[in-house]
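Single-letter residue listing:
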Amino acid sequence: MSHAVAITVSERQKAILEEWVRSRAKTPAQLIERSRIILMSAEAISNAEQARRLGVNHQRVQRWRTRWANRSEHLQAAEREGVTDKDLAALLRALLTDEQRSGAPSTFSAEQLTQIISVACEPPSDSNRPVTHWTPRELADEVIKRGIVETISPRHIDRLLKGGISARTRRSTG
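Residues numbered from 1 in each chain as written. Predicted model: local features only at pLDDT ≥ 70, side-chain atom pairs only at ≥ 80, totals over all residues. Heavy atoms only, no water.

> Looking at this structure, how should I read the pattern of salt bridges?
Going through the model one piece at a time under the given rule, you end up with 15 salt bridges. Where aspartate 85 meets arginine 12, a salt bridge forms, and the shortest distance between an N and an O atom there is 2.7 Å. Highlighted residues: aspartate 85 in helix H5 (residues 85-95) and arginine 12 in helix H1 (residues 11-22), separated in sequence by 73 residues. The exposure class assigned to arginine 12 is partly exposed, which follows from its relative accessible area of 28%. Counted as one network, the salt bridges with shared partners bring together Glu122, Arg129, Glu138, Glu142 and Arg146. (Salt bridge = Lys/Arg side-chain N within 4 Å of Asp/Glu carboxyl O. Helix = DSSP H or I, 4+ residues; strand = E, 2+ residues; numbered from the N terminus. Buried < 20%, exposed > 50% of the residue type's maximum accessible area, 1.4 Å probe, protein only.)

> Explain the packing of aromatic side chains here, please?
Aromatic ring pairs are defined here through the distance separating the ring centres and the angle between the ring planes. Inspection of every chain in the model, using the stated rule, returns 0 aromatic pairs. The positively charged end of arginine 93 is found above the aromatic ring belonging to tryptophan 20, 5.2 Å away from the centroid. (Phe/Tyr/Trp six-rings, centres within 6.5 Å; stacked < 30°, edge-to-face > 60°. Lys NZ or Arg CZ within 6 Å of the ring centre and 35° of its normal.)

> I tried to follow the nonpolar core on my own but got confused; where do I start?
Across soluble globular proteins, nonpolar side chains show a tendency to be buried alongside one another. Core analysis: the biggest nonpolar cluster contains 24 residues, and Leu17, Trp20, Ile38, Trp68, Leu92 and Leu96 have the highest contact counts within it. Contributing elements (two or more residues each) for this core: H1, helix H2 (29-42), helix H4 (58-80) and H5. Discounting chain neighbours no more than four positions away, the residues touching leucine 17 are Val9, Ser35, Ile38, Leu39, Trp68 and Leu96. Counting residues in hydrophobic clusters, the runner-up holds 13 residues, among them Leu113, Val143, Ile157 and Leu160. (Core = buried A, V, L, I, M, F, W, Y, C linked by side-chain atoms within 4.5 Å. Contact = heavy atoms within 4.5 Å.)

> Just to check I follow, could you spell out unusual backbone geometry for this structure?
Of note, alanine 44 is a non-glycine position whose phi angle comes to about 65°, a positive value. Residue placement: alanine 44 occurs in the loop between H2 and helix H3 (47-54). Residue alanine 44 is classed as exposed on the basis of its relative accessible area, which comes to 63%. Positive phi values are uncommon outside glycine, yet asparagine 128 reaches one of about 55°. Looking at where asparagine 128 falls in the secondary structure, it is placed in the loop between helix H6 (110-121) and helix H7 (136-145). Residue class for asparagine 128 comes out exposed when judged on its relative accessible area of 72%.

Right under this line is the structure:
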């Protein structure tokens, strides 16, 4: 098992992180969890123990601990330069926010996805389709014909109906 990365947290940083943990109503859950990880890491609590306490995978703890360690010098430099508490909080928030992921943004709006699912719930015979059950090809053709979307592949329809709406799609559609 690898050694956990040692991290340091200044008093100002600690105060901001602790405030986020206390302000549950105003702070996103992810930011609270990540703040706890950093605070426990600063106390030299192992990744495995943090994971147990927080009910998360130890790799999540390791990821945020390592990211903090990699940006620690940047934070210290900002404090030495006299950054305000508000700006320091913005730096900490940016550090503890998910990085942009690769891949194309969602192509369809929540309304379009709802309409596609609605069509899938209708009997194909209502749309004069010569099938008893929707196939991805038939459904793709129908939603394009109705003008719900300009284009959609049968494979995308299949993934949508088999797996539902992904977390990434939910974020981008509200």
